[in-house]
Amino acid sequence: MLQCPNCGGSVVFDIATQQMKCQSCSSIFNPYDFKYANGAEESTEYDVTVFKCPQCGGEIASTDETAAAFCSYCGSSNVLESRISKEKKPQLIIPFKKTKQQCKELFAKKVGKALFAPSDYKNCKVESFRGIYMPYWMYDMSQNGQVTAKTSTSHRSGDYIITDHYLCSGNLQAVYNGVSYDASSSFADDISGEIAPYSVKDITTFTPAYLSGYYADIADVPVGTYTNSAKTSADEYSTDYVKKKTPFSKEFVESGLKVPTTVVNVTRSAMFPVWFMAYRRGNRVAYATVNGQTGKVSADVPISISKYLVCAMIAALICFPILQFFFTITPHTMMIIASIISMLVAIMYNGEMKKILALETHEDDLGYKARKNTPDSKQVKQPKKKKGKGLMDVSQAIGIGIFIFFLLGAGGSIFGGIISSLSSDETPIVRAVIILIVLVIIIGVTVSANKKISQMIYKNGFAASVWTSIAVGILLLITVINPVGDIYYYIAIAASIVGVLITLLDMMLCFNLMAMRPLPQFKMYQGGDDRA
């Protein structure tokens, strides 16, 4: 704890003034005035108190010995176990620019549109956010060499299209400074990526005084972990730049371009500011993080299933009388519609299982893999790039639910006109073939989902789409029997609706499994049981 030279009170870093401020007498000091009180030679280490959470095993460091009442990773309010440690001093730091109140306002704006978020999550108090300096590796890189680019342009001359080919060449000199990646295995790469980038305009030389009043995570990811990622980013940026600057760039032939080899000149350690909130439910947590410099927000937003179902049912009740007034659909048509909806839900369910498995195995988290398996001298293989964020966001989840309730509650009018001719009373064989094809697809994706669930840690049992398979099997059976009374068709349709609702409900639970991550630290330590 830093003491005020004037009154002996506690001195912390004040965001508003960007100076050190005494909490007792409000005196202002330069952060570097506290750098070396005894004038000793500069050291590569600094003293911190390291707190280890007894609930999740998370470790955070602080220069303030009194700030140890909660864990930033799991939200536990228990007093943390502590030890004194010497840590390697970072070279650079970006001080906090956004205050805690600003952080709260930015978070509220972000989640305010999430209608189905739990109320206690949306109404979190400003005290729920903790300021943490996260460790980062910064890569300074350069490219210097010859670039050749094949381009072409075409024009019409009479009945002929004439194409002129060109070979453009030149010397490329590019410098990329401060390309950064988080150096904490506990800080998921997808979260750090969403609140990026940080601007180096505010970066300054590190001094422990900046940590006063805040926590700091300790770097535990080898410096070479993100070297390939940094080089790839530089290559892609240079490639895009050359494309834009190349003559006739609209007809650019990409296969003819190769930028010079990227060289990493300097690697530096730094600390960047992050406002961090952990919302815990059971043995899982949802994180909200705010870039402490720019205010960019990343939030895992779980869904309140009760809110979700109420809203979807209201939408269905509103749509039902409207569409029933304009459309009339026979039971035969509705059976095909119900089977197709069941198939779509089963396919989406299998997709969610794939995403959960990827999240649990840290498929795209280089930092976690490096902390677990990779020594300092090695580099982690980069995952293949995927389009999109990977996880279903709240708007997609809302759309899926309301879409399904809309179709079921309204009688499936959207598909009715398209397939009514195929499902007439005179074509029971066609109906049976369609439903059989649908059933085979559902069984296939259900088997695939079961295989993924068997590899999961936090989800047990069998795929909920099994019930959808059974329901569509009943639809097929009724279609083959082809009874005279409509009541049998309605019973089969009702069974398919129940199967869809069960699968949909489990899909929402699965969405929360993704939005609320497992406690992050257990796999880092030997012993214990993260399900205890």
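A. Structural context of the overall build of the protein chain. Summing up its helical and strand segments, the protein chain has twelve helices and 16 strands in all. Burial statistics for the protein chain: of 532 residues in total, 49% are counted as buried. For the protein chain, the share of sequence-separated contacts (at least 6 apart) that also reach a separation of at least 24 residues comes to 76%.

B. Representation of a nonpolar patch on the surface in the model. A surface patch of nonpolar side chains, amounting to about 530 Å² of accessible area, comprises F462, W467, I470, I474, V498 and I502. Turning to its location among the elements, F462 is positioned in the loop between α10 (428-454) and α11 (465-481).

C. Up close: helix α1 (residues 100-111). With twelve residues, α1 should cover 16 Å at 1.5 Å per step; its first-to-last C-alpha distance of 17 Å lies within 8% of that length. Along α1, the positions that sit buried rather than exposed are C103, K104, F107 and V111. Along α1, the residues classed as buried sweep out an arc of 100 degrees about the axis, all on the same side. The secondary structure elements touched by the buried residues of α1 are α2 (119-122), β13 (263-281), β14 (284-291) and β15 (297-299).

D. Broad picture of the pairing of strand β3 (residues 19-22). Pairing geometry for strand β2 (residues 10-14) and β3, over four bridges, is antiparallel. Each bridged residue has a counterpart across the sheet, and for V12 the counterpart in β3 is K21. Counted along the chain from β2 to the antiparallel partner β3, the turn is four residues long, and its residue Q18 has a positive phi close to 60 degrees. In terms of strand pairing, β3 meets strand β4 (residues 28-29) through two bridges, oriented antiparallel. Bridge pairing in β4 places M20 opposite F29. Hairpin connection of β3 to β4: five residues between the antiparallel strands, including S26 at a positive phi of 65 degrees.

E. Fine view of the sheet that holds β3. Across the sheet, which stays open at both edges, the four strands sit in the order β1-β2-β3-β4 with antiparallel pairing between neighbours. The open sheet has two free edges, formed respectively by β1 (2-3) and β4, since each of these has just one partner strand.

F. View of the packing of α10 against α11. One way to put it is that α10 packs onto α11 with a least axis distance of 9 Å and a crossing angle of 165 degrees. Compared by their axis directions, α10 and α11 come out roughly antiparallel. The crossing of α10 and α11 is left-handed. Between α10 and α11, the residues in contact are P428, R431, A432, I435, L436, V438, L439, I442, I443, T446 and N450 and S465, V466, T468, S469, V472, G473, L475, L476, T479 and V480, respectively. Class assignment for the residues of the contact of α10 with α11 results in 13 nonpolar, seven polar and one charged.

G. The arrangement of α10 in detail. The terminal C-alpha atoms of α10, which comprises 27 residues, lie 39 Å apart, in line with the 39 Å expected from a rise of 1.5 Å per residue. Within α10, burial applies to R431, A432, I435, V438, L439, I442, V445, T446, A449, K452 and I453. Among the structural elements, α6 (331-360) and α11 are those in contact with the buried residues of α10.

H. Molecular detail of the pattern of salt bridges. Tallied over the full model, the rule gives four salt bridges. A salt bridge links K355 to E352; its shortest N-O distance comes to 3.2 Å. On the criterion of helical spacing, the pair formed by K355 and E352 is a turn pair, its members being three residues apart in helix α6. Assessed through its relative accessible area of 4%, E352 is described here as buried. Via salt bridges that share partners, K97, K201 and D202 belong to a single interconnected network.

I. Region of the structure containing the nonpolar core. Ranked by internal contacts, the top residues of the largest apolar core, which has 45 residues, are Y349, M353, I356, L475 and M508. Listing elements by their share of this core, those giving two or more residues are α5 (305-326), α6, α10, α11 and α12 (486-515). Among the elements that take part in this core, α6 stands out by supplying 13 residues, more than any other. Apart from residues lying up to four places away in sequence, M353 is in contact with A449, K452, I453, M456, K459 and C510.

J. Looking closely at the environment of S62. Within the secondary structure, S62 sits in strand β6 (residues 59-62). For S62, a relative accessible area of 1% translates into the label buried. For the pair S62 and I132, spaced 70 residues apart in sequence, the C-alpha separation works out to 9.3 Å.

K. Structural context of the environment of D164. Note that D164 resides in strand β10 (residues 160-182). Residue D164 is classed as partly exposed on the basis of its relative accessible area of 28%. Taking the C-alpha atoms as reference, D164 lies 5.5 Å from S152; in sequence the two are twelve residues apart. Residue contacts for D164: discarding those within four places in its chain leaves T151, S152, T153 and H155.

L. How the structure looks around the side chain of S342. For S342, the position within the fold is in helix α6. Aside from chain neighbours lying at most four places away, what touches S342 is I442, T468, V472, S496 and V500.

M. Region of interest: the confidence of the model for the protein chain. When pLDDT is averaged along the protein chain, the result is 77, and 78% of the positions lie at 70 or above. Mean pLDDT across the secondary structure elements of the protein chain bottoms out at helix α9 (residues 413-419), with 43, and peaks at strand β8 (residues 92-93), with 94. For residues 36-41, every residue scores under 50 in pLDDT, and the model assigns this stretch three contacts once sequence neighbours within four places are set aside. Across residues 374-398, confidence stays below pLDDT 50; counting only partners more than four residues off in sequence or on other chains, it has 47 contacts.

Cut-offs applied
Residues numbered from 1 in each chain as written. Predicted model: local features only at pLDDT ≥ 70, side-chain atom pairs only at ≥ 80, totals over all residues. Heavy atoms only, no water. Helix = DSSP H or I, 4+ residues; strand = E, 2+ residues; numbered from the N terminus. Buried < 20%, exposed > 50% of the residue type's maximum accessible area, 1.4 Å probe, protein only. Contact = heavy atoms within 4.5 Å. Patch = residues over 30% accessible without salt bridge, like charges linked within 9 Å, V, L, I, M, F, W, Y side chains within 5 Å. Areas by Shrake-Rupley, 256 points an atom, 1.4 Å probe, with all protein chains shown as cover. Salt bridge = Lys/Arg side-chain N within 4 Å of Asp/Glu carboxyl O. Expected span 1.5 Å × (residues − 1). Arc of directions from axis to C-beta. Pairing = 2+ DSSP bridges. Axes fitted to C-alpha atoms, helices over the stretch in contact; angles between N-to-C directions. Parallel < 35°, antiparallel > 145°, perpendicular 65-115°, else oblique. Left-handed = near helix turned anticlockwise from the far one by under 90°. Nonpolar A, V, L, I, M, F, W, Y, C, P; charged D, E, K, R; others polar. Core = buried A, V, L, I, M, F, W, Y, C linked by side-chain atoms within 4.5 Å. pLDDT = per-residue confidence, 0-100.

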